Amino acid sequence: MSDYISLSQIPVIYHSLRKTFQAAKTKPIAWRRKQLLQLCRFAKENVRAIEECLFLDLGKPKQEALMSEIASSIDCALHAAENVEKWARPEFVTTSQPWQQAWNPRVEKHPKGVVLIISPWNLPFFLTILPLCGAIAAGCCALIKPSEITHHTSFFLAENLLKYVDPDAFKVCLGGIPETTRILELRWDHISYTGNSRVARIISAAAAKHLTPLTLELGGKSPAIVDSTANISISAKRILWSKVGNAGQTCVAVDYVMVEKSILPDLIESLKDAYESFFPNNGGALKSESYARIVSDLHFERLKDLLRQTDGEILFGGDWDSGHGQRQLEPTIVVGIKPGDMLMQEEIFGPILPIMAVENVGEAIAYLSTRPDSPLVVYIFSGSEQNIKKIITNTTSGNVTINDTIMQTSVKELPFGGVGESGYGRVFGQHTFDNFVYRRSITDIPYLNEPSSLGRYPPYTKESYEAFAGMLDISNPEVGEALVLKCHL
């Protein structure tokens, strides 16, 4: 296994990446495409090893590892390889003044330079590959800092990734807080961080010292609003699925449910039915090979404390298995929740689902407006176009998904990201590429235009003034009034 990097080596690695970028090695489109295809090959040729690492770190079932991490990574890399030339192509603009069109005005996309990718523990493989695809497609060099919590996956990345992609342009640094602190002291051209808002504040403060731009993919308390027109059975299955996948340890899992009182009993029964269909054996989720575990003792104890401190009623679930390092917490439904409950304070990030009854959709909207944070996703379960429109219009969130959960992340063409406390910047497809480039405006003004430009140079004369005034037609009263009106507006 690889070791944590020494603090003294971090600047050495950093300057080696700077040297590679300055040599322009990463800029040719053919080179970028090759690296992306190699990234795809890396995932394809190591499926079993990646599955094993994810199982050791998170108890992740093979199918879950394949669906949520490996296949997604392959798809991401292939999509970028197929589209990088188009994404990087200059954008030619049409000017409002026809005479400026001869200047060949355009926007070019240039790589920002040497970037830092700090990936999380909950999807440790995919959420490393996703931003790396964008950095490669943009033509950047990158230092990758995977999570120290999922050490099997991180060690695997450190030992194997650079066998596939160019080791001059990409590096993997293992470490904890001291190593990350040293890394953040350096000036990066962009930082991509996926994780929680507490750490995001530390990273933002470090980035501010160098005016470094950021992409922050955070989480938040993403609600599901269920009204009386929803298909209760399907809605319950899809909501619960978001809480059992990766044992609820995903930023896009439903954090809590607000349901109209009139259908609360039906929703509860449907959640029970869904649970039994997911885990039909007598031992339920705790005995199932289709259920992951909590990532660490710290997070396991945090979740157990939430269950101990809630004022709500545990309707079903609530058991756990801590033997032999299992750290499994049963999917748990908690009802009778009030806004001040412990479960409603911060993102749960685990398989606990609080349910809060509301009179109607308006009450759910009113509650969301009182919260200081904006969720990453608002999930709406409804058959009413009027209610759907009302919720979208009167709430704030990074994304909205109607009548399903998590599946919105499979649409590569849509920008995905948060707002406020749930982060900023957008990812997936071209949006990930856009994070790592800067848009450079180019104009090419011909020397042949010089005769028509002489009036701009001193000495200014009555004739040159009148020529410019004539362009504005300020002698025309109607035009003059329109200009004055625009200025006042």
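Nothing here was measured: the structure is a model prediction, and the numbers come from that model.

Calculation rules
- Residues numbered from 1 in each chain as written.
- Predicted model: local features only at pLDDT ≥ 70, side-chain atom pairs only at ≥ 80, totals over all residues.
- Heavy atoms only, no water.
- Helix = DSSP H or I, 4+ residues; strand = E, 2+ residues; numbered from the N terminus.
- Buried < 20%, exposed > 50% of the residue type's maximum accessible area, 1.4 Å probe, protein only.
- Contact = heavy atoms within 4.5 Å.
- Lys, Arg positive; Asp, Glu negative; His and termini not counted.
- Charge placed at Lys NZ, Arg CZ, Asp CG, Glu CD.
- Phe/Tyr/Trp six-rings, centres within 6.5 Å; stacked < 30°, edge-to-face > 60°.
- Salt bridge = Lys/Arg side-chain N within 4 Å of Asp/Glu carboxyl O.
- Pairing = 2+ DSSP bridges.
- Right-handed = clockwise from strand over helix to strand, strands pointing away.

(A) Representation of the overall build of the protein chain within the structure. For the protein chain, the count of helices and strands is 16 helices and 18 strands. Taking the principal axes of the C-alpha coordinates as reference, the protein chain spans close to 95 × 60 × 35 Å. Out of the 489 residues in the protein chain, the part that is buried amounts to 54%. Partitioning the intrachain contacts of the protein chain with sequence separation of at least 6 by distance along the chain shows that 71% fall at a separation of at least 24. The positive charge centre, built from 48 side chains, and the negative charge centre, built from 54, are 7 Å apart in the protein chain.

(B) Helix α6 (residues 151–160), seen in detail. In terms of burial, α6 is a largely internal element, seven of the 10 residues being buried. Three or more residues of α6 are buried, namely T153, S154, F155, F156, L157, A158 and N160.

(C) The arrangement of the packing of aromatic side chains in detail. Taken as a whole, this structure holds 14 aromatic pairs when the rule is applied. Residues F42 and F156 carry aromatic rings whose centres are separated by 5.8 Å and whose planes lie at 15 degrees to one another, so their mutual orientation is stacked. With F42 in helix α2 (residues 29–45) and F156 in helix α6, this pair connects stretches of sequence that are 114 residues apart. Assigned by exposure class, F42 and F156 land together as buried.

(D) The pattern of salt bridges, seen in detail. For the structure shown, the criterion picks out 23 salt bridges. Of the charged contacts, one joins E359 and K261 as a salt bridge, the two residues approaching to 2.9 Å between their closest N and O atoms. With E359 in the loop between β14 (352–358) and α12 (361–370) and K261 in the loop between β9 (256–260) and α10 (264–278), the pair connects residues that are 98 residues apart, well separated along the chain. Among the ionic pairs, D305 bridges to R308, the shortest N-O distance being 2.7 Å. With D305 and R308 both in helix α11 (residues 297–309), this residue pair falls three residues apart, about one helical turn.

(E) Structural detail: unusual backbone geometry. Backbone torsion omega between P458 and P459 reads 0 degrees, so that peptide bond is classified as cis. Within the secondary structure, P459 sits in the loop between β18 (437–442) and α15 (462–472). Positive phi, close to 65 degrees, is recorded for A24, a residue that is not glycine. For A24, a relative accessible area of 33% gives the class partly exposed. For I406, which is not glycine, the phi dihedral falls at a positive 70 degrees. Structurally, the position occupied by I406 is in the loop between β16 (399–402) and β17 (423–424). The exposure class assigned to I406 is buried, which follows from its relative accessible area of 17%.

(F) Up close: the sheet that holds strand β7 (residues 214–217). Taken in spatial order, the six strands of this open sheet run β5-β4-β3-β6-β7-β17, and their pairing is mixed. Both edges of this open sheet fall to β5 (170–172) and β17, since each of them pairs with a single strand only. Relative to strand β6 (residues 190–194), strand β3 (residues 114–118) runs parallel, the two being bridged by four bridges. Each residue of the ladder has a partner; that of V115, found in β6, is H190.

(G) Structural view of the pairing of β7. Here β7 shows no split at all, with L214 and L216 on one side and T215 and E217 on the other all buried. Of the strand pairs in this sheet, β6 and β7 are connected by four bridges, and their pairing is parallel. Note that in β7 the partner of Y193 across the bridge is L216. Assessed by its sense of winding, the connection that carries the chain from β6 through helix α8 (residues 197–208) to β7 is right-handed. As judged from the two bridges shared by β7 and β17, these two strands associate in the antiparallel manner. If you follow E217 over to β17, its bridge partner there is G423.

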